[in-house]
Amino acid sequence: MISLEKLFQVAIISTGGTIEKTYDAHEGILANGTSVLEIMLGSLQLEGVDITRVQLMDKDSLDMSEEDHRVIAMKVQECAQTFDGVIVVHGTDTLSQTGDCIVALQPAIAVPCVLTGAMRPWIMKNTDALQNLVESLSVVKLLEAGVYVVMHNRVLKFPDVVKDKENLRFIKKES
């Protein structure tokens, strides 16, 4: 039997960050360069969702400029015109700056936009990368329009979201 249920259309914008870092044997370091998102997505059973990958940049978020944050925000706004939801895979160090930049866009986006990343790269044994990606794919279908960070079983709506560097998680900034 063929299902006539409409697939949820989601754009995943890839910007780099820790979640996508791999080991560079020549340099002996973890670095951005080869995206692992296809491998991560390929390991999941994702019924009812149609994913379009948008490879935008491949940067550690500490290397992002204000212009990079604006470019990401504009791509989110563009994708929000044709998709039911948008996920941005981003480095955690400046994820809040990008979230605030998206919130500042006018007109406001009319679909849910989820920013996610990882504190430890996907290739590490104790990574949080796959958990955060799966959580993002699950909640983007349930959220109302707006901009959120989804990591570590938490959903926080922008603005006023910051990284708690001591506890390695995102929190709402105290007023």
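In every chain, residue numbers begin from 1 and rise along the written sequence. Only residues with pLDDT of at least 70 get local features here, since the model is predicted, and only at 80 or more are side-chain atom pairs given and counted; chain-wide, interface and lining totals rely on the full set of residues. To get the side-chain values, take all heavy atoms of the structure and skip hydrogens and water.

*Asks:* Explain the environment of F8 to me, using residue names and the numbers behind them.
*Replies:* Tracing the backbone shows F8 in strand β1 (residues 8-16). As a C-alpha pair, F8 and I51 span 43 residues in sequence and 8.4 Å in three-dimensional space. Here a residue-residue contact requires only that any non-hydrogen atoms of the pair lie within 4.5 Å. Those residues in contact with F8, other than ones at most four positions away along the chain, are G48, V49, D50, D84, G85, V140 and K141. The helix and strand labels rest on DSSP assignments: H or I over at least four residues marks a helix, E over at least two residues marks a strand, and numbering proceeds from the N terminus.

*Asks:* Would you mind going over unusual backbone geometry in detail, with residue names and values included?
*Replies:* Glycine aside, residues mostly have negative phi angles, and peptide bonds mostly take the trans form. The amide bond that connects Q106 to the next residue, P107, takes the cis arrangement and shows omega of 0°. The residue P107 is located in the loop between α3 (95-103) and β6 (112-116) in this model. Cis geometry marks the peptide bond from F158 to P159; its omega dihedral reads 5°. Structurally, P159 can be placed in the loop between β8 (154-157) and β9 (161-164). For D160, which is not a glycine, the phi torsion comes out positive at approximately 70°. Mapped onto the secondary structure, D160 falls in the loop between β8 and β9.

*Asks:* With reference to specific residues and values, describe the sheet that holds strand β4 (residues 49-59).
*Replies:* Being paired, for any two strands, means DSSP has found at least two bridges between them. Strand order across the open sheet formed by six strands is β4-β1-β5-β6-β7-β8, with mixed pairing between neighbours. What marks the edges here is a single partner per strand, and that holds for β4 and β8. Sheet twist, expressed as the average angle between the axes of neighbouring strands with direction ignored, equals 20°. Here β1 runs beside strand β5 (residues 85-89); their pairing, made up of five bridges, is parallel. By the bridge assignment for β5, V10 is matched with G85. Orientation is described by lines fitted to C-alpha atoms, with helices fitted over the stretch in contact, and by angles between N-to-C directions that extend from 0 to 180 degrees. Where helix α2 (residues 66-80) meets the sheet, it contacts β1, β4, β5 and β6, and its direction lies at approximately 165° from that of β4.

*Asks:* Could you give me a rundown of the side chain of E135, with the residues and numbers involved?
*Replies:* In this fold, E135 is placed in helix α4 (residues 129-139). No salt bridge is formed by the buried E135; its nearest oppositely charged neighbour, R154, is found at 9.0 Å. A distance of 2.9 Å separates a polar atom in the side chain of E135 from the backbone nitrogen of N153. Look past the residues within four positions of E135 in its chain and what remains in contact with it is V150, M151, H152, N153 and R154. Only protein chains enter the accessibility calculation, which uses a 1.4 Å probe; a residue whose area is less than 20% of its type maximum is buried, one above 50% is exposed, and one in between is partly exposed. Residues counted as positive are Lys and Arg, residues counted as negative are Asp and Glu, and His and the chain ends are not counted. Whenever a carboxyl oxygen of Asp or Glu lies within 4 Å of a side-chain nitrogen of Lys or Arg, that contact is scored as a salt bridge. Here a polar contact means two N or O atoms within 3.5 Å. Within protein one must be a hydrogen donor candidate and the other an acceptor candidate, and residues neighboring in sequence count only if both atoms are side-chain atoms.

*Asks:* I'd like to hear about the nonpolar core, residue by residue, with values.
*Replies:* Here, nonpolar core means buried Ala, Val, Leu, Ile, Met, Phe, Trp, Tyr and Cys residues that are tied together by side-chain atoms lying within 4.5 Å of each other. Judged by nonpolar contacts, the single largest core of 29 residues is most densely connected at V76, I102 and C113. If you list the elements that add at least two residues to this core, you get β1, β4, α2, β5, α3, β6 and β7 (146-151). Looking at this core element by element, the count peaks at five residues for α2. Look past the residues within four positions of V76 in its chain and what remains in contact with it is I13, V86, V88, I102, I109 and C113. Residues V49, I87, V114 and V150 belong to the second largest nonpolar core, which totals 18 residues.

*Asks:* Give a description of the pattern of salt bridges that names residues and reports values.
*Replies:* Inspection of the entire model under this criterion finds six salt bridges. We note a salt bridge from D68 to K59, for which the minimum N-O separation is 2.7 Å. Among the residues examined, D68 registers a relative accessible area of 10% and is labelled buried. Residue K59 is classed as partly exposed on the basis of its relative accessible area of 29%.

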